[in-house]
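The residues making up each chain are set out below.
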Amino acid sequence: MISFSSVAEEARIAARALADFGSDLINPTLRIGVTGLSRAGKTVFLTALVHNLIRGGRLPVFEAMAQGRIASARLEPQPDDAVPRFDYEAHLASLLERRVWPQSTRRISELRLVIAYQSARGGARENTLTLDLVDYPGEWLLDLPLLHMSYADWSAETIERSRQPLRAGLAAAWHAHLATLRAYQPASEPNARTAAQFFTAYLRACRDERLAMSLLPPGRFLMPGDLEGSPALTFAPLLPGEGGKRAGSLWAMMERRFEAYKTHVVRPFFREHFARLDRQIVLIDALSAFNSGPQAVKELEASLAAILDCFRVGRSSWMRALFRPRIDRILFAATKADHLHHTSHDRLERILARMVERAIGRATFEGALVDVIALAAVRATREATITRGRDSLPAIIGTPEAGEHAGKQVFDGETETAMFPGDLPEEPDALFDPAAAFRGLAAAPSENADYRFLRFRPPAVRGPGLVPATLPHIRLDRALQFLLGDRLA
Ligand code: GDP
């Protein structure tokens, strides 16, 4: 068991837990974290979840809703004054009115929703459950392991990882610069800044090359929030060398900043946010990883293990005796399932389940209930069958965003297009096999353009009169049932 906190910090966390516990007694409250790496689909998920709850969307598997026990769900002012509010209204307006995807998550934000419901046992009494929904970048979560790493460990591991295939090419410029630096050379701000710039460019390239699922700490280098440019974010790994321990050396400066990052960035996040969550959904853009090939799939699996590791974060034994481990449910959700035909949804779930199972094995994880799901928080496609000669092929239809593909303006952003969705293998391990690589969307009729990362516009949603209907989804109701069904029973 890893301990991320000192005794003083434990005391602060305990005080927080006690306060949360007190208010939970008076006012039953569930704090749900929504995380996932950049572009995994957090903003879209949270917007769709709130919209479907408030507007009573079609959620047959979500029992409280299906049984008509939810009287109302309404937004209320959030409890934490210092945390930005999740901009639900703006995100919803983008989706419904302009049919454009909302602005993605760049920092932590929060939203409070109060659900009035009748319990499944019957009786006329109305109960309330307060949901505090916390949206935060997964990059910040993957920072937690830094808390038990020294600067030397982190440097070694980061440099080692950057030499792996796929990454090495992206790291070339940074490696060349790194080779010019010496641990013992005198510390200087320009040197630190240049090193941090090369290193950040490498991290960004990994992300852009769809190694997005992978391990890229420190998370704030990619998602700086309001810390951009601060010394706590101006460091980089160094190769070990003689004289590094000397005061005033470049190594000593980098080491100090690495420690500052832990103190000023990682610990407060852990204490103020992560340690207070009751449940967690981790969104994963698994299809992007599959599209990128076996190395990205391997990295995805490694990052699932790292994520699980974060959840078995240690509390000292007296803490554990006093407070239940807070996170009691974790849901891993593969997003954007509307890019697949429904025949592949179960396969996607099975593949994710296999990866999580292996990750659980690696992390010797225990405590929380873990489940996996394939979902589309907002379904942008519908299904169709295309006849080709004697064959009937499953296809999906949506409106691709306007844009160039292979140098040609192919989509105008208005016209619906049928595409062939990729076929996921029956056997999850096939994804690790370069020969059997998965290919996502392909055009119908087939062209040579690469449509693997094509985006569809959000669906046109029109209800009776002026009121838009609720956003269509795939399996959002199952996610809701897992995350809060028991608390509404
Ligand atoms: P975040 O960075 O985790 O907040 O990611 P977003 O929620 O902003 O999603 C990133 C992008 O993924 C969006 O702009 C959409 O293009 C796409 N996306 C997210 N969720 C869905 C979904 O349910 N269906 C489809 N088709 N695309 C989605």
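Residues numbered from 1 in each chain as written. Predicted model: local features only at pLDDT ≥ 70, side-chain atom pairs only at ≥ 80, totals over all residues. Heavy atoms only, no water.

Student: Sorry, what's going on with the nonpolar core here?
Tutor: Soluble, globular proteins show a tendency: their nonpolar side chains are buried together. One finds L144, M254, F274, F290, L304, F332 and L348 to be the most contacted residues of the largest nonpolar core, which totals 81 residues. Residues F62, Y117, V461 and L471 belong to the second largest nonpolar core, which totals 46 residues. (Core = buried A, V, L, I, M, F, W, Y, C linked by side-chain atoms within 4.5 Å. Buried < 20%, exposed > 50% of the residue type's maximum accessible area, 1.4 Å probe, protein only.)

Student: Help me understand the pairing of strand β1 (residues 29-36), please; the structure alone is not making it clear to me.
Tutor: The two faces of a sheet get side chains in turn, since along a regular strand they alternate between them. Taking burial as the measure, the eight residues of β1 include eight buried ones, the bulk of the element. Both faces of β1 are covered, namely the face carrying T29, R31, G33 and T35 and the face carrying L30, I32, V34 and G36. The pairing of β1 with strand β4 (residues 127-135) spans six bridges and is parallel. Of the residues in β4, the one forming a bridge with G33 is V134. One ladder, built from five bridges, connects β1 with strand β5 (residues 279-284); its direction is parallel. Note that in β5 the partner of G33 across the bridge is Q280. (Helix = DSSP H or I, 4+ residues; strand = E, 2+ residues; numbered from the N terminus. Pairing = 2+ DSSP bridges.)

Student: What is the right way to look at helix α7 (residues 167-178) in this model?
Tutor: Between its first and last C-alpha, α7 extends 15 Å over 12 residues, near the 16 Å set by a 1.5 Å rise per residue. Those residues of α7 lying buried are R167, A171, W174, H175, H177 and L178. One side of α7 carries all its buried residues, which in axial view fall inside an arc of 150°. Tucked into the core, α7 has its buried residues touching α6 (151-162), α8 (189-208) and α11 (294-311). (Expected span 1.5 Å × (residues − 1). Arc of directions from axis to C-beta. Contact = heavy atoms within 4.5 Å.)

Student: Just to check I follow, could you spell out the sheet that holds β4 for this structure?
Tutor: Taken in spatial order, the seven strands of this open sheet run β2-β3-β4-β1-β5-β6-β7, and their pairing is mixed. Pairing within the sheet leaves two strands with one partner each, and these edge strands are β2 (70-76) and β7 (369-374). Neighbour to neighbour, the strand axes of the sheet diverge by 20° on average, direction disregarded. Strand contacts of helix α2 (residues 42-54): β1, β2, β3 (109-117), β4 and β5, with the helix running at about 165° to β4, the strand carrying the most contacts. (Axes fitted to C-alpha atoms, helices over the stretch in contact; angles between N-to-C directions.)

Student: Looking at this structure, I do not really get the site of the ligand. What am I missing?
Tutor: Near the ligand lie 19 residues; those nearest to it are R39, K42, T43, S104 and D338. In this structure, K336 approaches the ligand through a side-chain N or O atom, which is 3.0 Å from an oxygen atom. In the model, a nitrogen atom of the ligand is placed 3.0 Å from a nitrogen or oxygen of the V378 main chain. Here the ligand has 570 Å² of accessible area as a free molecule, and 98% of this is covered by the chains. Its residues assigned to classes, the shell around the ligand comprises eight nonpolar, six polar and five charged. (Near = heavy atom within 4 Å. Polar contact = N/O pair within 3.5 Å; in protein donor to acceptor, adjacent residues only side chain to side chain. Areas by Shrake-Rupley, 256 points an atom, 1.4 Å probe, with all protein chains shown as cover. Nonpolar A, V, L, I, M, F, W, Y, C, P; charged D, E, K, R; others polar.)

Student: Sorry, what's going on with the packing of α8 against helix α9 (residues 250-272) here?
Tutor: In contact at an axis separation of 11 Å, α8 and α9 are set at 60° when each is read in the N-to-C sense. By the angle class used here, α8 and α9 are oblique. α8 and α9 meet at a crossing whose hand is right-handed. Facing E189, N191, A192 and A195 of α8, the residues of α9 in contact are L250, M253, M254 and R257. Among the residues making up the contact of α8 with α9, the classes are represented as five nonpolar, one polar and two charged. (Parallel < 35°, antiparallel > 145°, perpendicular 65-115°, else oblique. Left-handed = near helix turned anticlockwise from the far one by under 90°.)

Student: When you look at unusual backbone geometry in this model, what are you seeing that I'm missing?
Tutor: The phi torsion at R99 lies on the positive side, around 55°, for a residue other than glycine. As for its position among the elements, R99 is in the loop between α4 (88-98) and β3. Relative accessible area serves as the criterion here: at 18%, R99 is assigned to the buried category. Although it is not a glycine, K336 sits at a positive phi angle of roughly 60°. The exposure class assigned to K336 is partly exposed, which follows from its relative accessible area of 28%.

Student: Teacher, can you tell me more about the environment of Y88 here?
Tutor: Looking at the element boundaries, Y88 is found in helix α4. The class for Y88 is buried, based on a relative accessible area of 6%. Taking the C-alpha atoms as reference, Y88 lies 9.8 Å from L75; in sequence the two are 13 residues apart.

Student: Explain the pairing of β5 to me, please; I cannot follow it from the model alone.
Tutor: Of all six residues in β5, six are buried; the element is thus mostly enclosed. Of the two faces of β5, the one carrying R279, I281 and L283 and the one carrying Q280, V282 and I284 are both buried. Here β5 pairs with strand β6 (residues 329-334) via six bridges, running parallel. From the neighbouring strand, Q280 faces β6, where its bridge partner is I330.

Student: Could you clarify how one ought to interpret a nonpolar patch on the surface in this entry?
Tutor: Taken together, the side chains of L18, F21, L25 and I26 present a nonpolar region at the surface, about 480 Å² in accessible area. Positionally, L25 belongs in helix α1 (residues 7-26). When its relative accessible area of 63% is taken as the criterion, L25 is described as exposed. (Patch = residues over 30% accessible without salt bridge, like charges linked within 9 Å, V, L, I, M, F, W, Y side chains within 5 Å. Salt bridge = Lys/Arg side-chain N within 4 Å of Asp/Glu carboxyl O.)

Student: Looking at this structure, how should I read the pattern of salt bridges?
Tutor: Side chains carrying opposite charge are able to pair once their charged atoms draw close together. Tallying each qualifying case throughout the model produces 28 salt bridges. The shortest N-O distance in the salt bridge between D80 and R276 comes to 3.4 Å. Within this pair, whereas D80 is found in the loop between β2 and α4, its partner R276 is found in the loop between α9 and β5, the two being separated by 196 residues in sequence. Residue D80 shares its accessibility class with R276, and that shared class is buried. Taking the shortest distance from any N to any O, the salt bridge between R167 and E299 comes out at 2.8 Å. Of this pair, R167 sits in helix α7 while E299 sits in helix α11, placing them 132 residues apart in sequence. Linked by salt bridges that have partners in common, R31, D80, E110, R112, D132 and R276 make up one network.

Student: What is the right way to look at the environment of A195 in this model?
Tutor: For A195, the position within the fold is in helix α8. Owing to a relative accessible area of 2%, A195 belongs among the buried residues under this scheme. Taking the C-alpha atoms as reference, A195 lies 6.9 Å from F235; in sequence the two are 40 residues apart. When neighbours within four sequence positions are excluded, A195 is seen to be in contact with W174, H177, L181, A236 and M254.

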